[in-house]
Amino acid sequence: MSPLMYPCSRRDRQRGAIGLMAALTMALALLCMLVVVDSGRLFLEKRTLQRIADMAALEAASLNGTCAGSNTASAYAVQSATRNGFTVTDNSRTLTTRCGTLTTGADSRRSFSVDATRSEAIEVVVSHSVARSIAAGIGAMFDTHPTPENIQLTAVAVATPPLPPLAQLTIKSTLATIDSAKGNVLNTLWGGLLGGTLNISVAGWNGLTNANINLLSYLNQLALDVGVKAGDYTSLLGTSISVTQLLNTSTKVLSQSSPAVQAAINSLLSVNAIASGTKIKLQDLLTVQTGLPSSGLDTHLNLFQLVEAFVQVANTQSAAFATIPANVLGLAGVTVKVKVIEPPQLSAIGNPILAKANPTGPNQIYVRTAQVRTLISVDLGAVNAALSLVNGLLSTVIGLLNALGLNIDLKLLPNGANLDVSLEAASASSRVTDYSCASETTRSLTASTTTAAVKVKVGQITNSSAWTSPSTDLTVKELPILDIGTTSCSLLSGCQPRVPYGAGGLGLLIGGSGPTDGAVLATTQAYTFAQPPEIKQPPDPYHSFSSTNMLSSLQNTLGSIHLVSHPPASVSLIGSLLGMLTAGLSQVQNLLGSTIGGLLSPILDPLLNQVLASLGINLATVDVGANLSCHPGQAVLVI
């Protein structure tokens, strides 16, 4: 072959290689196109199927479908799928609906748990059979054991129903501003209730009253701090937690904690009762309706009010009581002791539909103030002038009777006697009884509020342990003011025992041993809050439920003392002379009553305005705040 022919042969071979590479490239492009077409087709089918599942789950949840009985959840889901072009036929196109609950694992991931009796979450599973792919179909033509030509696509969606209406009641117990006088009372009162001493500055107290914390954030942080499973608020509220831990957690969730607030909390943490590990349960302070979604806890609480409740619950679990000396109240000769008998329920959140159905049932939305027992001891040395006058008025009569042979033994008050006044304020309470969510412009919440019943007893308290016991009804004995006893003596038999009040006398007693003695009854009033703020907003304005009759009754009781008159026990030929003595007693009875009443009357105002107000108790009014969210949220996809 001629050498001239070699270039042509080489070019032919090159053209053959290029053609082969072009064929291979076209085949590869065709394969890629098949993969892209199949992947896109399957992706679109999957996306369409997921959209159908999402819409079906949302509609079943939005309409509050259930799986028990008529299984409305399944019916709602099928109707939604049909409207969106998915018709359930046979095994190739299926739709399954299940009801249940959401649980959160240790990894904080949510999962669906089947429970046909509950509809806190609804799961919809949609399945559709489609051709696997063109490439798989071509391959099946040459395979002795081909894979199925169809593939089953499945889409899963879980939705939670819209939140029910949420209502919240709050009993106001914070003080607007705290000056040095109120600060001294608070330091003495709170420190005594905790079994120690406090030294919180006025800036610290005002910092606590101006600080608010988010309840949901607080509970979530507390769950982490004490090792309770995230989201299990029922268990968290029922767990005994130390007051130290509760206070430390509160500082973590404060957006901005001023040095004064931190110093106030540090002072509380140093008190004996807290430092010794006193534990309380938050369910004793906060009422959260069973089954309430976590978003319903997204509300705010005042830090002063929360810490105050910690102190009061801790006091109910100990024998400690607060003693407020005379110099703190500015009352000479008066000492006040305070004991918390029952802690407050400062806030309650729940579904007003359930509360309206049974306002006193397990789903009630109910708040109350603390039940407090106060013991006031008054030094009666201030009435010495009046007693000297009584003695002078009666000395002539007594001398005449003794001269006639009737021995008179006059006793004016026991030595060092104190007059005890027990003031027991029961819990003022409020509960939701009705609501309206007809429209956002007319929504309302109705609460029935009962003011605190008060039990007043005046006399002598000899059993101090009964005063500190929440289960014992306090018994008050009569305080002898003037005891004109008689004795008789003879040569043969000697002197007989003294007969108390033999020639008459005066005693002081209000109340006695009966459970209703000295009681000032409570009053119940209903009030409708028009357009109360949403759950996340402060409950403002508060409504004051007044009880003026109660306050005036207390003032009359303590300001107008009525002495118990004891007539002469001895009857003899000198009865007329004893009558003269009785007449003398009646002349000084009003003098003694007005004098002792003048001692007790000034006690009421500082007691109510300083001591009880520092514990969130106002016997004249009850301040209740309300929140209502008619549509706190719509149905949402959660998985």
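Up top is the structure.
What you are looking at is a predicted structure, and each value in this text was computed from that prediction instead of being measured. (Residues numbered from 1 in each chain as written. Predicted model: local features only at pLDDT ≥ 70, side-chain atom pairs only at ≥ 80, totals over all residues. Heavy atoms only, no water.)

Student: I'd like to hear about the packing of helix α8 (residues 243-253) against helix α11 (residues 303-316), residue by residue, with values.
Tutor: Running from N to C, α8 and α11 point in directions that differ by 175°, and their axes come no closer than 11 Å. Classified by the angle their axes make, α8 and α11 are roughly antiparallel. Between α8 and α11, the residues in contact are V243, L246, L247 and S250 and L303, V307, F310 and A314, respectively. (Axes fitted to C-alpha atoms, helices over the stretch in contact; angles between N-to-C directions. Helix = DSSP H or I, 4+ residues; strand = E, 2+ residues; numbered from the N terminus. Parallel < 35°, antiparallel > 145°, perpendicular 65-115°, else oblique. Contact = heavy atoms within 4.5 Å.)

Student: Please set out the environment of P567 residue by residue, giving values where relevant.
Tutor: Relative to the assigned elements, P567 resides in the loop between β28 (564-566) and α17 (575-612). Between the C-alpha atom of P567 and that of Y501, which follows or precedes it by 66 residues, the distance is 7.5 Å. Those residues within four positions of P567 in sequence are excluded, and the remaining contacts are Y501 and G504.

Student: Account for the state of the cysteines, with residues named and values stated.
Tutor: Scanning all chains against the criterion turns up two disulfides. Here C67 is linked by a disulfide to C99, with a sulfur-sulfur distance of 1.9 Å. Taking the torsion about the S-S bond as the criterion, the C67 to C99 disulfide, at about 80°, is right-handed. Of the two residues, C67 sits in the loop between α1 (6-62) and α2 (72-83) while C99 sits in strand β1 (residues 93-104), which places them 32 residues apart along the sequence. The exposure class assigned to C99 is buried, which follows from its relative accessible area of 2%. Across the disulfide, C437 is cross-linked to C630 (sulfur-sulfur distance 2.0 Å). Between C437 and C630 the disulfide shows an S-S torsion of about -85°. By sign, it is left-handed. Remark: C630 occurs in the loop between β29 (621-629) and β30 (636-637) and C437 occurs in the loop between β18 (429-436) and β19 (444-450); sequence separation between them is 193 residues. (Disulfide = S-S within 2.5 Å. Buried < 20%, exposed > 50% of the residue type's maximum accessible area, 1.4 Å probe, protein only.)

Student: Tell me what's going on with the sheet that holds strand β2 (residues 110-114), and back it up with residues and numbers.
Tutor: Strands in a sheet are paired, the pairing made by backbone hydrogen bonds, and the direction either parallel or antiparallel. What the five strands build is an open sheet, ordered β2-β1-β3-β4-β30; its pairing is antiparallel. Each edge of the open sheet carries a strand with a single partner, namely β2 and β30. Pairing of strand β3 (residues 121-131) with strand β4 (residues 150-160), which is carried by 10 bridges, proceeds in the antiparallel orientation. When the sheet's bridge partners are listed, S129 is paired in β4 with Q152. Along the sheet, α2 contacts β1 and β3; its crossing angle with β1, the most-contacted strand, is approximately 125°. (Pairing = 2+ DSSP bridges.)

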